[in-house]
Amino acid sequence: MNKLFSLFIAGSLSATIISCGDDTHKNTATETVTATPSIPNISLSVVNTYPHDTSSFTQGLAVYKGQLYEGTGGAEYDVVGSKFSKLMKIDVKTGKAQESIDLEPKYFGEGITILNDTVYQLTWREKKVFVYTLPGFKKIKEFDFNTEGWGITTNGKELIVSDGSSNLYFYDPSTFQLLHTQSVTHNGELAYNLNELEYIDGFVYANVWQQPYIYKIDPASGQIAGSIDVSQIWDRIKTIDPLADVPNGIAYDADSKKIYITGKKWPELYEVQLGQ
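Residues numbered from 1 in each chain as written. Predicted model: local features only at pLDDT ≥ 70, side-chain atom pairs only at ≥ 80, totals over all residues. Heavy atoms only, no water.

### As for the layout of surface pockets
Picture a little ball the size of a water molecule; that probe, rolled over the atoms, points out where space is still empty.
Argument step 1. If you add up the space inside the largest pocket, you get close to 410 Å³.
Argument step 2. What lines the largest pocket is a set of 22 residues, among which V63, I114, T154, Y252 and A254 lie closest to the centre.
Argument step 3. Those elements that provide at least two residues to the lining of the largest pocket are β5 (58-64), β9 (109-115), β13 (152-154), β19 (194-200) and β23 (247-253).
Argument step 4. By residue class, the composition of the lining of the largest pocket is eleven nonpolar, six polar and five charged.
Argument step 5. What lines the second largest pocket is a set of 18 residues, and nearest its centre among them are I200, D201, I259, L274 and Q276.
Argument step 6. Elements with a minimum of two residues in the lining of the second largest pocket: β20 (203-208), β24 (258-263) and β25 (268-274).
Argument step 7. Ranked by residues supplied to the lining of the second largest pocket, first place goes to β25 with four residues.
Argument step 8. Taken together, the residues of the lining of the second largest pocket break down into ten nonpolar, three polar and five charged. (1 Å grid on protein atoms, 1.4 Å probe; cavity = no way out; pocket = protein on both sides within 12 Å on 5 of 7 lines; lining within 4 Å. Points joined across faces, edges and corners; volume = space filled by probe spheres on them. Helix = DSSP H or I, 4+ residues; strand = E, 2+ residues; numbered from the N terminus. Nonpolar A, V, L, I, M, F, W, Y, C, P; charged D, E, K, R; others polar.)

See below:
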C-alpha cells in the first residue's frame, strides 16, 4: 500500500537542533545531544519453516483453535482492492488454502483477528470492518470506523486496531464502538508505522511497517517493552525470492504457545521462539 509514514528510529542518541532559520545563521545554531536508552532487544530463534503462498500479500495472520487463518490485500500499492483481497483458512504444513473467500474488488483487505468463533477483517481506506462466523466464513455484519485499517488483534474482551500511526485503538467487539485510544511511545517519543498486530501473554506485538522490527508493547501504558529484529529472516527471504515484500504477519496459538511470522508475498512462514 502506498502508506505515508514517519520513521521512528530506536537509537542510542537523540538530537535537538535550534536554528535561526537560514544558512547565514548556521554558525549561531546550538546543538544539544542527549543519551536515551535504546529499546531492549528480544532474541528470536526459528523452530520450524513452512511454505507460504507467494501470491498472498499478507495483511493479517491469526491462529484460532489450532487453525491458521490469513487475510490478504491487493498485490499492487496503487490499487485499492483487487482479486487478491481474501480471507483464508490455511494448512500450515503445505501453505495451501483449505477454505477461501474473496472480498469485493472495491475493498483492500487488511488485518484479521478472531474472537468467540467470529472473524473480524479490516479494510484499508474504505473504513469498513467485515464480520464472519466460524466455521464457514459466513458474513454476518459490517461496521464503519473512522481511521484507516492496518492491523487488528484482541485481548479477549476488546478489539485492538492500528492505522499506521502511533496509536492503538480499542473497540467493543459487538458494536465496534471506540472505547479508548492509547499512544505508543519509547522514552516519550512516539512510535509510528504500527502495522499487523498480535496479542501474546498481556502484550501487543506489532510489525513496524517497512522495518525489520516487531515491537512488544504494554497496552495499558503504550510503552515499548522490547524489540525483535527479524533482519536475518528478511535477508534470507530476499535471497530466495527478490519479489517478496516487507515482513508482516504475527500469529499466536495460545494452546500450543507456538508463534508464527511471515511477510507479504513471502515464500516461507516461520514458527519462532522468542526470548525474554
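### Describing the pairing of strand β8 (residues 97-102)
Argument step 1. Relative to β8, strand β7 (residues 86-90) runs antiparallel, the two being bridged by five bridges. For K89, the partnering residue across the bridge sits in β8 and is E99. (Pairing = 2+ DSSP bridges.)

### Overview of the packing of aromatic side chains
Argument step 1. Counted by the stated rule, this structure contains eight aromatic pairs.
Argument step 2. Ring geometry for F108 versus W124: centroids 5.1 Å apart, planes at 70°, classification edge-to-face. Here W124 lies in the loop between β10 (118-123) and β11 (128-133) and F108 lies in the loop between β8 and β9, a separation of 16 residues in the sequence.
Argument step 3. Looking at F108, the relative accessible area reads 0%, which means it is buried.
Argument step 4. Classification of W124 by relative accessible area gives buried; the value is 0%.
Argument step 5. Taken together, a centroid distance of 6.4 Å and an interplanar angle of 80° make the contact between W266 and Y270 edge-to-face.
Argument step 6. One aromatic cluster in this structure is built from F143, F145, Y171 and F176.
Argument step 7. When the ring centre of F203 is taken as reference, the NZ or CZ atom of K216 above it lies at 4.4 Å.
Argument step 8. Seen from the ring of W234, K238 lies directly overhead, with NZ or CZ sitting 4.3 Å from the centre. (Phe/Tyr/Trp six-rings, centres within 6.5 Å; stacked < 30°, edge-to-face > 60°. Buried < 20%, exposed > 50% of the residue type's maximum accessible area, 1.4 Å probe, protein only. Lys NZ or Arg CZ within 6 Å of the ring centre and 35° of its normal.)

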